[in-house]
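Spelled out, the chains give:
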Amino acid sequence: MSKKVCVVTGATGGIGSAACDQMAEKYIVVVSDIKTDRIEAKVADLRAKGFDAYGKVCDTSDRAQCFALAEYAASLGEVQGVVQLAGLTPGFCKYTDLIDVDVMGTININEAFFSVMGKGSCIIDICSCVAHFMPEEIWPIELFEEALTDRQKFRDDFCEFISSFGDDEACSGMAYVWGRTFIRWLVRKSCYAFGRLKGIRIMTVSVGFVVTEQSMADLAAASDNADDRLAQQMSYSAFGRAGTTKEVSFLFDTIIDERNSWLSGTDIYFDNGCEANGYIGQFEPYDPSVNPYDPRR
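Residues numbered from 1 in each chain as written. Predicted model: local features only at pLDDT ≥ 70, side-chain atom pairs only at ≥ 80, totals over all residues. Heavy atoms only, no water.

### Some remarks on the overall build of the protein
Selection criterion: Going along the chain from the N terminus, every DSSP run of H or I of four or more residues is numbered as a helix, and every run of E of two or more is numbered as a strand. Atoms counted for the radius of gyration: C-alpha only. Globule rule: 2.2 Å times the number of residues to the power 0.38. Residue contacts follow a heavy-atom distance rule, with two residues in contact if any of their heavy atoms lie within 4.5 Å. Areas reported here follow the Shrake-Rupley algorithm with a probe of radius 1.4 Å; residue values treat only the protein chains shown as occluding.
Counting secondary structure elements, the protein contains 10 helices and 7 strands. For the protein, the C-alpha radius of gyration of 19 Å lies close to 19 Å, the compact-globule estimate for 297 residues. For the protein, the C-alpha atoms occupy an extent of roughly 55 × 50 × 40 Å along the three principal directions. Excluding contacts between residues fewer than 6 apart, the proportion of contacts in the protein whose partners are at least 24 apart in sequence is 74%. Looking at the protein as shown, the accessible area adds up to about 14300 Å², and 53% of this sits on carbon and sulfur atoms.

What follows is the structure, given as structure tokens:
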């Protein structure tokens, strides 16, 4: 039986690179990112280890490039999985660029791969724990729904919505929060059509703090002491530590596995229990006295 294909976008970052390593163990992997030299280096590394790997440049904000990526992947075999990791982070880009990549780029990837994938396949859209910080009753649903009928109007109105939050730094941060919230909403809204029309499963994974070069840079940019800030956040964690790229990559592999054939339309909150213990972005450390339960009683 011929091997199936798994595509990873944002594939040369910390989580993306680890995802390629994990998926290459049983799939033909398409390494996709925006920088040719980094793609070539990752493909060479995988091939040196005996894996089937190919590279394709794709700026996910460019819809035509997304469809070209999907067609290329399908030319290599049956596409079983897509791990959509391409994205920007606040503090390092304009809010309009973040919207174009994180929000519009995810729409582009989902719709491009809808055209080439079939029954039993799976798309994972990367999300974030911040997507859970905004209660659903304040979601701008009418704005979100524009994405289903008029992509350009949605993009323009989303940019206008974010521009109301203040200066460039504030807008960048809110573009990330509301952008990830939108992705969580979009996947829930998409699962029926993707499943009924093509048999494709689609979900999000809301990733908490996983240690990568970029995540540590983001933490340093957002706080005076990155180590203290990380320790504060991880005080809510069940095991008191940040996640690893290998752990989240194994989760992706498990979700995409064809045996998970009834799993769709949901979000997996991969944060080691931080939210369960009350973490919603605050700066105070966890107070264990609020949960006096002791199973040893």
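### Some points on the pattern of salt bridges
Our working rule: The salt bridge definition used is simple: a Lys or Arg side-chain nitrogen within 4 Å of an Asp or Glu carboxyl oxygen. Classification of residues uses two cut-offs on accessible area relative to the type maximum, computed with a 1.4 Å probe and protein chains only: under 20% is buried, over 50% is exposed, and between them is partly exposed.
With the rule as written, the count across this model stands at 20 salt bridges. Here Asp52 ties to Lys3 by a salt bridge, and the two come within 3.3 Å at their closest N and O atoms. With Asp52 in the loop between α2 (36-48) and β3 (53-57) and Lys3 in the segment before β1 (5-9), this residue pair connects regions lying 49 residues apart in the sequence. For Asp52, a relative accessible area of 33% corresponds to the partly exposed category. Here Asp102 makes a salt bridge to Arg180, at a shortest N to O gap of 3.2 Å. Of this pair, Asp102 sits in helix α4 (residues 95-114) while Arg180 sits in helix α7 (residues 168-198), and the two are 78 residues apart along the sequence.

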